[in-house]
Amino acid sequence: MTYQEIQREFSDHLFLSYREIGGSKKLVGDIIVIVFFVDDNQSSWTEEAKKQFIEKHNSAMQILLRLAKKNGVNLKIRNAYGDITIPLNCTKDNYLEWSDSAVKRYNASNINEYQKIYKDYYKCDECPILFVFNKSFRSCAISVNPLTQKYAELSIISYDCRTGSIIHELLHQFGAADLYFPSELKALVQKMNYESIMLTSSQHYIDSLTAYLIGWKNEVNDSAATILRKTSHYTFDLLSDLIEQEWKNT
């Protein structure tokens, strides 16, 4: 299915509304991944712990580069590391408070402004941000609300996050959608034997739909088109409510 056909049939599809908007648009070109090691009121980093995470992060980026090359995508990844102390108990629920305070030391009032300043200064195409904590929790990405474009994009990563999960959460910042949630979608893709890192982080594979959403392709295969048709009724509010219910149980 070509770009024109996708736009004609799925012009209002929620998943497609995340493509090429927000702080990180396309995962192509010169990308600087900013990793902030955060000390908060619940946890702090040691040099050894940081070293171990950097090794895992580098492995994740090498996998991503290989996937890009396999898809014929021109991608260069650089990594930038920084240390931040935030005198709060940082969680995904209060991220607007602590993420904005984290970048004020860089003369930016919020994440979006910081990314613009960073991109202009370092002349890179995109600069996704990972906030990494030395405590265990369920890693996640905070993505743009396509209805308002109000929210910044960033990933909140636990020290014990798996290599594939780092890639998974990073891809969210570029528009990738979860394929393991809600349960009806997970059942559909599993029945189709549809492989994707957005379904299971252990599957180091970029599927057709994800490749389209992150800017690697301008068409989708028949399986991806089927997924789009089966999820055309999804709304932002519906998924938000389902996600909130799921997170209460984790």
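To keep things clear, this report deals only with the structure shown in the data block. Keep in mind that this is a model prediction, so the values were computed, not measured. Counting restarts for each chain: residues are numbered from 1 in the order of the written sequence. Thresholds applied to this predicted model are a pLDDT of at least 70 for local features of residues and 80 or more for the giving and counting of side-chain atom pairs; totals over whole chains, interfaces and linings are not thresholded and use all residues. Only hydrogens and water are set aside; all other atoms, that is, all heavy atoms of the structure, feed into the side-chain values.

Secondary structure elements follow DSSP: runs of H or I of four or more residues count as helices, runs of E of two or more count as strands, with numbering from the N terminus. Along the backbone of the protein chain there are nine helices and five strands. From first element to last, N terminus to C terminus, the protein chain shows the α and β order α-β-α-β-α-α-β-β-β-α-α-α-α-α. The globule rule used here is 2.2 Å times the number of residues to the 0.38 power, and the radius of gyration it is set against is calculated over C-alpha atoms. Its C-alpha atoms give the protein chain a radius of gyration of 18 Å, within 12% of the compact-globule value 18 Å for 250 residues. Taken along its principal axes, the extent of the C-alpha atoms in the protein chain is 50 × 40 × 35 Å. With 250 residues in all, the protein chain has 50% of them scored as buried. Note on contacts: a residue pair is in contact if any heavy atoms of the two residues lie within 4.5 Å. When contacts within the protein chain are restricted to residue pairs at least 6 apart in sequence, those whose partners lie at least 24 apart make up 69%. In these tables, accessible area is a Shrake-Rupley quantity obtained with a 1.4 Å probe, and a residue counts as shielded only by the protein chains included in the view. Counting only carbon and sulfur atoms, one obtains 46% of the accessible surface of the protein chain, whose full area is about 12200 Å². Charge separation in the protein chain, taken as the distance between the mean sites of 28 positive and 31 negative side-chain charges, equals 4 Å. The buried label applies to any residue whose accessible area, calculated with a 1.4 Å probe on protein chains only, is under 20% of its type's maximum; exposed applies above 50%, and partly exposed to all values in between. When charges are counted, Lys and Arg contribute as positive and Asp and Glu as negative, whereas His and the chain ends are disregarded. Positions of charges follow a simple convention, taking NZ of Lys, CZ of Arg, CG of Asp or CD of Glu.

The next point concerns the environment of Gln115. Relative to the helices and strands, Gln115 resides in helix α4 (residues 111-122). In this structure, the C-alpha to C-alpha distance between Gln115 and Gly23, residues 92 residues apart in sequence, is 7.0 Å. When neighbours within four sequence positions are excluded, Gln115 is seen to be in contact with Gly23, Ser24, Cys127, Pro128, Ile129 and Glu153. Polar contact criterion, stated in full: a pair of N or O atoms within 3.5 Å, where within protein one must be able to donate a hydrogen and the other to accept it, and residues adjacent in sequence count only if both atoms are side-chain atoms. Within the local environment of Gln115, its side chain forms a polar contact with the backbone oxygen of Cys127, the two atoms lying 3.1 Å apart.

This part is about the pattern of salt bridges. Any carboxyl oxygen of Asp or Glu within 4 Å of a side-chain nitrogen of Lys or Arg constitutes a salt bridge here. One pass over the full model with this rule turns up 10 salt bridges. Arg78 is paired through a salt bridge with Asp30; the nearest N and O atoms lie 2.6 Å apart. Here Arg78, found in strand β2 (residues 75-85), pairs with Asp30, found in strand β1 (residues 29-39); they are 48 residues apart in sequence, far enough to count as distant. A relative accessible area of 30% means that Arg78 is categorised as partly exposed. Overall, the relative accessible area of 16% leaves Asp30 in the buried class. The salt bridge partner of Glu126 is Lys119, with a shortest N-O separation of 3.4 Å. If you follow the salt bridges from partner to partner, you end up with Arg19, Glu20 and Lys26 in one network.

The convention used is that axes are lines fitted to C-alpha atoms, helices contributing only their stretch in contact, and that angles between N-to-C directions extend from 0 to 180 degrees. In the contact formed by helix α2 (residues 47-70) and helix α5 (residues 163-173), the axes pass within 8 Å of each other and the chain directions differ by 65°. The handedness of the crossing between α2 and α5 is right-handed. Where α2 abuts α5, its residues Phe53, Lys56, His57, Ser59, Ala60, Met61, Ile63 and Leu64 lie against Thr163, Ile166, Ile167, Leu170 and Leu171. For this scheme, ten residues count as nonpolar: Ala, Val, Leu, Ile, Met, Phe, Trp, Tyr, Cys and Pro. Four count as charged, namely Asp, Glu, Lys and Arg, and the remainder, Gly too, count as polar. Within the contact of α2 with α5, the residues separate by chemical class into nine nonpolar, three polar and one charged. By definition, turning the near helix anticlockwise from the far helix through less than a right angle yields a left-handed crossing, and turning it clockwise yields a right-handed one.

The next point concerns the sheet that holds β2. Any two strands are treated as partners once DSSP identifies two or more bridges connecting them. Strand order in the open sheet made by the five strands is β2-β1-β3-β5-β4, with mixed pairing throughout. Of all strands in the sheet, those bounded by a partner on one side alone are β2 and β4 (140-142). Taken pair by pair, the neighbouring strands of this sheet meet at an average axis angle of 25°, ignoring direction. Across three bridges, β4 lies against strand β5 (residues 154-158) in antiparallel orientation. Bridge pairing in β5 links Ala141 to Ser155. Packing against the sheet, α4 makes contact with β1, β2, β3 (129-133) and β5, and its axis sits at approximately 130° to β1. In the packing of α5 onto the sheet, the strands contacted are β1, β3, β4 and β5, and the crossing angle to β5 comes to about 165°.

Among the 11 residues of β1, 10 are classified as buried, and the element is accordingly described as predominantly covered. Both β1 and β2 contribute to a ladder of 11 bridges, which runs parallel. In the sheet register, Val38 faces β2, and the bridge partner there is Ile84. With strands facing away from the observer, any crossover in which the path from the first strand over the helix to the second runs clockwise is taken as right-handed. Traced from β1 through α2 to β2, the parallel crossover comes out right-handed.

Read these as geometric descriptors, not functional statements.
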